[in-house]
Amino acid sequence: MRLIYSLVFVLFTAPLCFSQSLNIIPQPASIIKGSGSFELNRQTALVVPDEEDRKAAQFFNDYLKEYYGFKLGLANKAQKNSIRLTTRKFIKAPEKDAYQLTVNSQGVSIEGDTYPGTFYGIQSLIQLLPVPKTQSQATDSKFVIPHLTIQDTPRFAYRGLHLDVGRHMYPVSFIKKYIDYIALHKMNYFHWHLTEDQGWRIEIKKYPGLTKVGAWRDGTIIGRYPGTGNDNTRYGGYYSQEEVKEIVQYAADRHITVIPEIEMPGHSSAALTAYPWLGCPGSGPYKVEQTWGVFDDIYCAGKDSTFQFLQDVLDEVISLFPSKYIHIGGDESPKTNWKACPLCQARIKAEGLKDEHELQSYFIHRMEKYVNSKGRTIIGWDEILEGGLAPKAVVMSWRGESGGIAAAKENHYVIMTPGSHCYFDYSQAQNEDSVTIGGYIPLEKVYSYEPVPNVLDKDQAKYILGAQANVWTEYMRYPSKVEYMIFPRLSAISEVLWTAAAKKNWSDFERRMQTQYLRYQLWKTNYSNAYFDIKTALLPAPGNKGVLVKFESKDKTGKLMYRIAGKSAAKNYTTPFVINATSHITGIYYKNGKLLDSVTIPLQFNKATGKKVTLNEPPSKNYPGDGAFTLTDGIINDKGLNRSREFIGYNGNDISATIDLGTAQKIDTIVVHSLYSAGSWIYPPQSIDVSISTDGKSFKKAGSSDAFIKMNGGNGKLMVTILPTSARYIQVDIKNLGKIPEGKAGAGEKAWLFLDEIEIL
Ligand code: NAG
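Residues numbered from 1 in each chain as written. Predicted model: local features only at pLDDT ≥ 70, side-chain atom pairs only at ≥ 80, totals over all residues. Heavy atoms only, no water.

Student: Outline the site of the ligand, supporting the account with residue identities and numerical values.
Tutor: Taken together, the neighbourhood of the ligand is formed by R167, H267, D331, E332, W381, W398, Y423, D425, I437, W472 and E474. Taking W472, its side chain carries an N or O atom lying 3.3 Å from an oxygen atom of the ligand. Here the ligand, which alone exposes 370 Å², has 89% of that area covered by the protein. Considering only residue class, the shell around the ligand consists of five nonpolar, one polar and five charged. (Near = heavy atom within 4 Å. Polar contact = N/O pair within 3.5 Å; in protein donor to acceptor, adjacent residues only side chain to side chain. Areas by Shrake-Rupley, 256 points an atom, 1.4 Å probe, with all protein chains shown as cover. Nonpolar A, V, L, I, M, F, W, Y, C, P; charged D, E, K, R; others polar.)

Student: How would you summarise the pattern of salt bridges if you had to cite specific residues and measurements?
Tutor: Tallied over the entire structure, the rule returns 34 salt bridges. Among the salt bridges present, the one from K206 reaches D312, with a minimum N-O distance of 3.3 Å. Placement of the pair is K206 in the loop between strand 11 (199-200) and helix 5 (209-212) and D312 in helix 8 (residues 304-320), with a sequence separation of 106 residues. With its nearest N and O atoms 3.2 Å apart, the salt bridge here joins K462 to D459. Across this residue pair, the class does not change: K462 and D459 are exposed. Salt bridges sharing common partners tie together D164, R167, E196 and E474. (Salt bridge = Lys/Arg side-chain N within 4 Å of Asp/Glu carboxyl O. Helix = DSSP H or I, 4+ residues; strand = E, 2+ residues; numbered from the N terminus. Buried < 20%, exposed > 50% of the residue type's maximum accessible area, 1.4 Å probe, protein only.)

Student: I'd like to hear about helix 16 (residues 489-498), residue by residue, with values.
Tutor: Structural remark: α-helix, 3.6 residues per turn; residues separated by three or four positions point the same way. Most of helix 16 is tucked away, with 10 of its 10 residues classed as buried. Taken together, the buried positions of helix 16 are R489, L490, S491, A492, I493, S494, E495, V496, L497 and W498.

Student: Explain the packing of aromatic side chains residue by residue, including any values.
Tutor: Following the criterion strictly, the structure yields 55 aromatic pairs and no others. Considering the side-chain rings of F174 and Y178, the 6.0 Å spacing of their centres and the 50° angle between planes classify their relative orientation as tilted. Residue F174 and its partner Y178 are both found in helix 4 (residues 172-184); the two are separated by four residues, about one turn of the helix. By relative accessible area, which is 4% here, F174 ends up buried. (Phe/Tyr/Trp six-rings, centres within 6.5 Å; stacked < 30°, edge-to-face > 60°.)

Student: How would you sum up helix 11 (residues 356-373)? Please name residues and give values.
Tutor: Taking 1.5 Å per residue as the helical rise, helix 11 with its 18 residues ought to reach 26 Å, and the 26 Å between its terminal C-alpha atoms agrees with that figure. Where the residues of helix 11 are buried, they touch strand 14 (257-264), helix 8, strand 15 (325-329), helix 9 (336-340), helix 10 (342-350) and strand 16 (377-381). N-cap assignment for helix 11: the residue whose side-chain oxygen lies 3.1 Å from the backbone N of H357 is D355. In the segment just after helix 11, G375 is the residue with positive phi, at about 80°. (Expected span 1.5 Å × (residues − 1). Contact = heavy atoms within 4.5 Å.)

Student: Could you give me a rundown of the sheet that holds strand 26 (residues 594-603), with the residues and numbers involved?
Tutor: As summarised here, the arrangement of the four strands in space is 23-22-25-26, forming an open sheet in which the pairing is antiparallel. Looking along the sheet, the strands with just one partner apiece sit at the ends: strand 23 (571-572) and strand 26. Pairing between strand 22 (residues 559-564) and strand 23: two bridges, direction antiparallel. For Y562, the partnering residue across the bridge sits in strand 23 and is K571. (Pairing = 2+ DSSP bridges.)

Student: So what's going on with the domain arrangement of the protein? Residues and values would help.
Tutor: Domain annotation for the protein reports domain 1 (30-152), domain 2 (158-527), domain 3 (534-603) and domain 4 (612-760). Inter-centroid distance (C-alpha atoms) of domain 1 to domain 2 is 34 Å. Each side of the interface is counted separately: domain 1 has 19 residues, and domain 2 has 17 residues. When domain 1 packs against domain 2, the two sides together hide about 1,800 Å² of surface, and 60% of this comes from carbon and sulfur. (Domains from an automatic or database assignment. Buried area = accessible area lost by both parts, 1.4 Å probe.)

Student: An account of the environment of T632 is requested, with residue identities and associated values reported.
Tutor: Mapped onto the elements, T632 comes out in the loop between strand 28 (625-628) and strand 29 (648-651). Along the backbone, T632 and K607 are 25 residues apart, and their C-alpha atoms lie at a distance of 9.3 Å. Residues contacting T632, with those up to four places away along its chain left out, are A608, T609, G610, K611, V613, I659 and E757.

Student: Please set out the packing of helix 4 against helix 15 (residues 479-486) residue by residue, giving values where relevant.
Tutor: Look at helix 4 against helix 15: their axes get within 11 Å of each other, and the N-to-C directions meet at 15°. Taken together, the axes of helix 4 and helix 15 lie roughly parallel to each other. As for the relative orientation of helix 4 and helix 15, their crossing is right-handed in sense. Within the contact between the two elements, helix 4 uses F174, K177, Y178 and Y181 and helix 15 uses P479, V482, E483 and I486. (Axes fitted to C-alpha atoms, helices over the stretch in contact; angles between N-to-C directions. Parallel < 35°, antiparallel > 145°, perpendicular 65-115°, else oblique. Left-handed = near helix turned anticlockwise from the far one by under 90°.)

Structure, rendered in structure tokens:
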């Protein structure tokens, strides 16, 4: 984890104490600055005539106490030097939760259209407080707040953050902290993923086995999947119903709705271990899983007793969670057991269903009916579209946006959570050195997210309720890692969800973030410094002669240098430079005589390095790498998925890459480097076909290979050797495994193809 030098980043920022610059995140709809300022001090009174607004006042006072060491007194009547909270309840558009915050010589006035609106006004007020840069400043109790008027309203009604407590769980105190983080970002939904293959985490009184057995696993894999071993240590726990009630109330006091998720029909190993009769006859034995991935375990859809069980569970869940929405999962449900199960097959027949996909749809429809009968609405992952959508279901689109688009077109409400922008378990550092699930979603990518796809017309767009960031915790054993993964990206998604699209502005966000980093320090949260790391980019050099190496540091006040191993002493970096041969290049950042960061690029040259590559199709949005040039940029991955950015990914389809060497050259070997990580449904190419040409028009087949040679970790290569031949253009047709065959992880799903480098020797 790149946690080094966190203190240093304080120095990166401009002086903030008592400065008049406004650094509110998410950016409000309008801020009009006045002249003059108001002094908030220990005598300032909180005037809160409406009982309901007391909670917002309480939140403010708790914040003051925790981070500044004092509280304000409450008063019922208006007075000078006060902060007045009023909720208008005069509501033109109640779903909008607008507020107005005015600071003038009288003090502060917050008027919300609704109670949540008033609460959001408090969040803005918190961000008008100066952020202490040192602990001693934190004891100051006089704050100067500029006169101003803020008018504000959220863009989306659904602004969510998710947390998976199945893979790892966290103490109630941390769940509350997490809810505070959501509140501080003016977000309003906490999606609590409570059941998984690796643990059932909510007490259900009728089925005590769920927590007695299902909440405990006998070990956990060590390191990245498939792991270097197992820690053989019993791990688990659960939230009692009393704790759940406490958490739901805690969230409600912050105008946050907790959406519980009870996964079905898949991701259910823990429940099946507790009650094996829930599974298909003949399947099992089950265990609470100790590793990550997708398992065949699934509730039997042929037995009515399964449905009865799930209804009983939901009865208790519904009584604990007042949320209108109940999430019933629906993702990644392998149909292997259903195919072999006589009861499921009988159900398919009796209900006139086409196949197991329609059986899944039957399952979800049936559960939806039950949930609807209790006056609630289901949310499901986008797999619930397969075999026909349940009539009132809300779709959470995670495998890209296509599920969400299809659902919106069918007039179903949608919450966008695409893996390309909203998965906070993906790395945010270019050179992440802690284990993560992979991927690469830096802060700017989250910020760039637009939840309403432009293929939707105005009416369809209304079905996009908002978006959510997902926090899957396979590689987040402790709360500190959760914080490291969500910060600063939570701040970016909050602005995506709150601020009108036209008002979003990345460079202004970057400016405001400098203060937000100080707030993170104030909160003592373990945020990621990835934003401040040296960024590297490898680009084609002019005329495709070599590789252009670019370094960038966000902070410009220190010294950015570079060194080519064995060649030279470190030089000042001013502009991108060209490299023509295999070399290790190190970028170095110094400030005040201290080394703050360094990054080494191991460039490995072959005839294709730096050359132009053309792809017949762009890679998936989740794994775009650096586009086509990824294949000839001179970097051969040796870190597997942890450096997903060094691959381009394709989901299910074949790909054809054509390299132009610039001139005809003698070649005899073509190597395609790719990744093999079955647990993540990433498979090597089935085969590669190589054709060559001298004019780029007529190609002749030169050779092929279907032999994947495994190397370190999940890396490997396919190689074609030919008689030395002169060629300028080399076309490589790479065959994806396509649909994953039975017996392999992810059977029936589309295989991922992860390509790293094409070498020509
Ligand atoms: C998916 C799974 C999830 C897993 C995560 C890792 C969804 C809806 N399902 O494979 O269980 O933890 O991605 O990124 O995301």
